[in-house]
Amino acid sequence: MMLPGVSPRDAAIQLARRLRAAGHTALFAGGCVRDRLLGRTPKDHDIATSATPAEVAALFPGSNEIGAHFGVVLVKSHGHAIEVATFRTDGSYRDGRHPESVTFSTPQEDAARRDFTVNGLFEDPESGEVIDYVGGRADLEAGILRAIGDPAQRFREDALRLLRAARFATTLGFTIEQGTLAAMSEHAGLLGRISPERIRDEFSRLIVAPQRARGIGLLVDTGLVRSFLPELLDLVGCEQPPEWHPEGDVYTHTRIMLEMVGTPGEEAPLELCLAVLLHDIGKPPTRTWDEADDRIRFNGHDAVGARMTETILRRLKYSNQVIEEVTFIVSRHMQFMNVQQMRVAKLKRFMSAPTFPLELELHRVDCASSNGFTDNLEFLIDKEKEFAAEPLIPPPLLTGHDLIRLGLKPGPHFGRILDAVQTEQLEGRLHDRDRAIEWLRCGGMLSPE
Ligand code: ATP
Ligand code: MG
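Here the structure is a predicted model, which means the values were calculated and not measured. (Residues numbered from 1 in each chain as written. Chains lettered and ligands numbered in written order. Predicted model: local features only at pLDDT ≥ 70, side-chain atom pairs only at ≥ 80, totals over all residues. Heavy atoms only, no water.)

Q: Before we go on, may I ask you to explain the domain arrangement of the protein in this structure?
A: Interfaces are frequently sized by the accessible area removed from exposure as the parts join. You can read the domains of the protein as domain 1 (1-142), domain 2 (229-393) and domain 3 (400-442). Taking only C-alpha atoms, the centre of domain 1 and the centre of domain 2 are 43 Å apart. (Domains from an automatic or database assignment.)

Q: Please explain the nonpolar core as it appears in this structure.
A: Counting 92 residues, the largest nonpolar core has I47, F203, I216, L219 and F228 as the members making the most contacts within it. Among the elements that take part in this core, helix α7 (residues 160-172) stands out by supplying eight residues, more than any other. Three or more residues apiece are contributed to this core by two domains, here domain 1 (1-142) and domain 2 (229-393). The contact partners of L219, leaving out residues within four places of it in the chain, are L163, A166, F203, L206, L224, V225 and F228. (Core = buried A, V, L, I, M, F, W, Y, C linked by side-chain atoms within 4.5 Å. Buried < 20%, exposed > 50% of the residue type's maximum accessible area, 1.4 Å probe, protein only. Helix = DSSP H or I, 4+ residues; strand = E, 2+ residues; numbered from the N terminus. Contact = heavy atoms within 4.5 Å.)

Q: I would appreciate a short explanation of unusual backbone geometry in the present structure.
A: The general pattern is negative phi for most residues beyond glycine and trans for most peptide bonds. Of note in this structure, D294 is not a glycine but carries a positive phi near 60°. By the element assignment, D294 lies in the loop between β11 (288-290) and β12 (295-297). The exposed category is assigned to D294, whose relative accessible area is 56%. A positive phi angle, close to 60°, is found at K317, a residue other than glycine. Here K317 is to be found in the loop between α14 (301-315) and α15 (320-332). The class of K317 is partly exposed, set by a relative accessible area of 41%.

Q: I would appreciate a short explanation of the layout of surface pockets in the present structure.
A: If a probe the size of a water molecule is rolled over the atoms, the empty space left behind becomes visible. Quantified by volume, the largest pocket comes out at close to 1600 Å³. Forming the boundary of the largest pocket are 48 residues, of which D46, D115, R164, R167 and F168 lie nearest the centre. Contributing elements (two or more residues each) for the lining of the largest pocket: α2 (31-37), β2 (46-49), β3 (72-77), β4 (80-86), β5 (88-90), α7 and α9 (196-208). For the lining of the largest pocket, a count of residues per class yields 17 nonpolar, seven polar and 24 charged. Three or more residues apiece are contributed to the lining of the largest pocket by two domains, here domain 1 (1-142) and domain 2 (229-393). Taken as a whole, the second largest pocket spans an internal volume of roughly 550 Å³. Contributing to the lining of the second largest pocket are 22 residues, with W244, H245, R295, M334 and M337 lying nearest its centre. At the level of secondary structure, the elements contributing two or more residues to the lining of the second largest pocket comprise β12, α14, α17 (356-368) and α18 (375-386). (1 Å grid on protein atoms, 1.4 Å probe; cavity = no way out; pocket = protein on both sides within 12 Å on 5 of 7 lines; lining within 4 Å. Points joined across faces, edges and corners; volume = space filled by probe spheres on them. Nonpolar A, V, L, I, M, F, W, Y, C, P; charged D, E, K, R; others polar.)

Q: Sorry, what's going on with the sheet that holds β4 here?
A: Each strand in a sheet pairs with its neighbour through backbone hydrogen bonds, running either in the same direction (parallel) or in the opposite one (antiparallel). A sheet is described by the order of its strands in space; here six strands give the open sequence β3-β4-β2-β1-β7-β8, paired in mixed fashion. Both edges of this open sheet fall to β3 and β8 (130-132), since each of them pairs with a single strand only. On average, each strand axis in the sheet is inclined to that of its neighbour by 35°, with strand direction left out of account. (Pairing = 2+ DSSP bridges. Axes fitted to C-alpha atoms, helices over the stretch in contact; angles between N-to-C directions.)

Q: How should the packing of aromatic side chains be read in this particular structure?
A: Aromatic ring pairs are described here by two measures, namely the spacing of the ring centres and the angle between the planes. This model, assessed by the stated rule, comprises eight aromatic pairs. Taking 6.3 Å as the distance between ring centres and 70° as the angle between the ring planes, the aromatic pair formed by F122 and Y133 counts as edge-to-face. One end of the pair, F122, is in strand β7 (residues 121-123); the other, Y133, is in the loop between β8 and α5 (136-142), with eleven residues separating them in the sequence. Residue classification places F122 among the buried residues on the basis of a relative accessible area of 0%. (Phe/Tyr/Trp six-rings, centres within 6.5 Å; stacked < 30°, edge-to-face > 60°.)

Structural data, given as structure tokens:
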């Protein structure tokens, strides 16, 4: 039960207090310490303790002991789930994914098993004092992401850390320390051992972050992207017609868009960021030279790109909803060039897609990053105002039941007839049911086939 008014932090402080009252050490650990020092709101408050999982479970009946084997117990406090982990040393990592054993140990050793110095800090929950065994505080102040210990060895132990390094550098806006960065490039290929789900979760955090363009640069420059999104490498050096794209190749264009999209300094929606990243992914395989016009063309890159997008996102195990939305956005991004020529009914249907606001934002940055045109954008913003008074797709004037009552036999032609009525309605030429029936009658559409 959630008791109102107890913040996650206070819930965690009270939990730590009970551990201490029973004679154990209990400290805040990892991300929450880092985030508090940065003035950010932590996602969760993790507690590290000298109590064994059995001792934790005995103190807090009803807690979840699924992770107890690795030293982690999930305790509920005031409706908040808090991870309580026993100080531990990880055993060897033969598969580069999971430690084979854990040994309960001291706070110093527990700090040393963590990934980056800024993630290796502890905090006394009562006094707020920071306990730093790994030099994390100085790195936090200097904005440096540095592996704890020997970076190459740490990446060999657990290859997910390669991607976490790029993710934290991006979300925190930190510089990766030289030795850590060199080891990332050298061991980039190890990321291939990691499951798509774990890659997806880290990658998603990176791509929505304000500094996502820099993040993608890190993934490309270190070679990490080769393990999970190699298609992106083909954008590098994919030349485009300079009259449309004075900014440069498709990779440059995409990165500028990633920088511009959304509200500066804020996270942007995942679907939008993925769509921006992949909107021109169909360009390299469709690139041709048009002799007659003496220029490069990418005919059908939107349809090819949509298929590639679906394949890529499926491989990364994104949800069906994310896959469908992003694929749809990519498939339609070129249609924005034709909106001023669309008939009203077609335009209203186009604008009624749930993804339209995201598509409009993609179109805005597509132009802003290249030719600077704003006419289609302004046209659509005006149309949004013009159409705002009534729903884009109003309730239908006629339904299939009406057609049956009018003496027609149900069949596939029903869809065509109702679509035709809707087109007239959207064009503003039909406003009521009686006129709709009359219109069908005059068109000969009510006579039996
Ligand atoms: P956030 O929750 O904001 O993503 P976080 O630092 O809390 O950041 P988590 O993934 O929640 O990250 O992990 C909690 C802590 O556990 C980290 O701060 C780090 O100390 C440690 N940790 C997590 N994953 C690893 C790993 N693969 N290798 C070593 N230590 C890790
Ligand atoms: Mg966390």
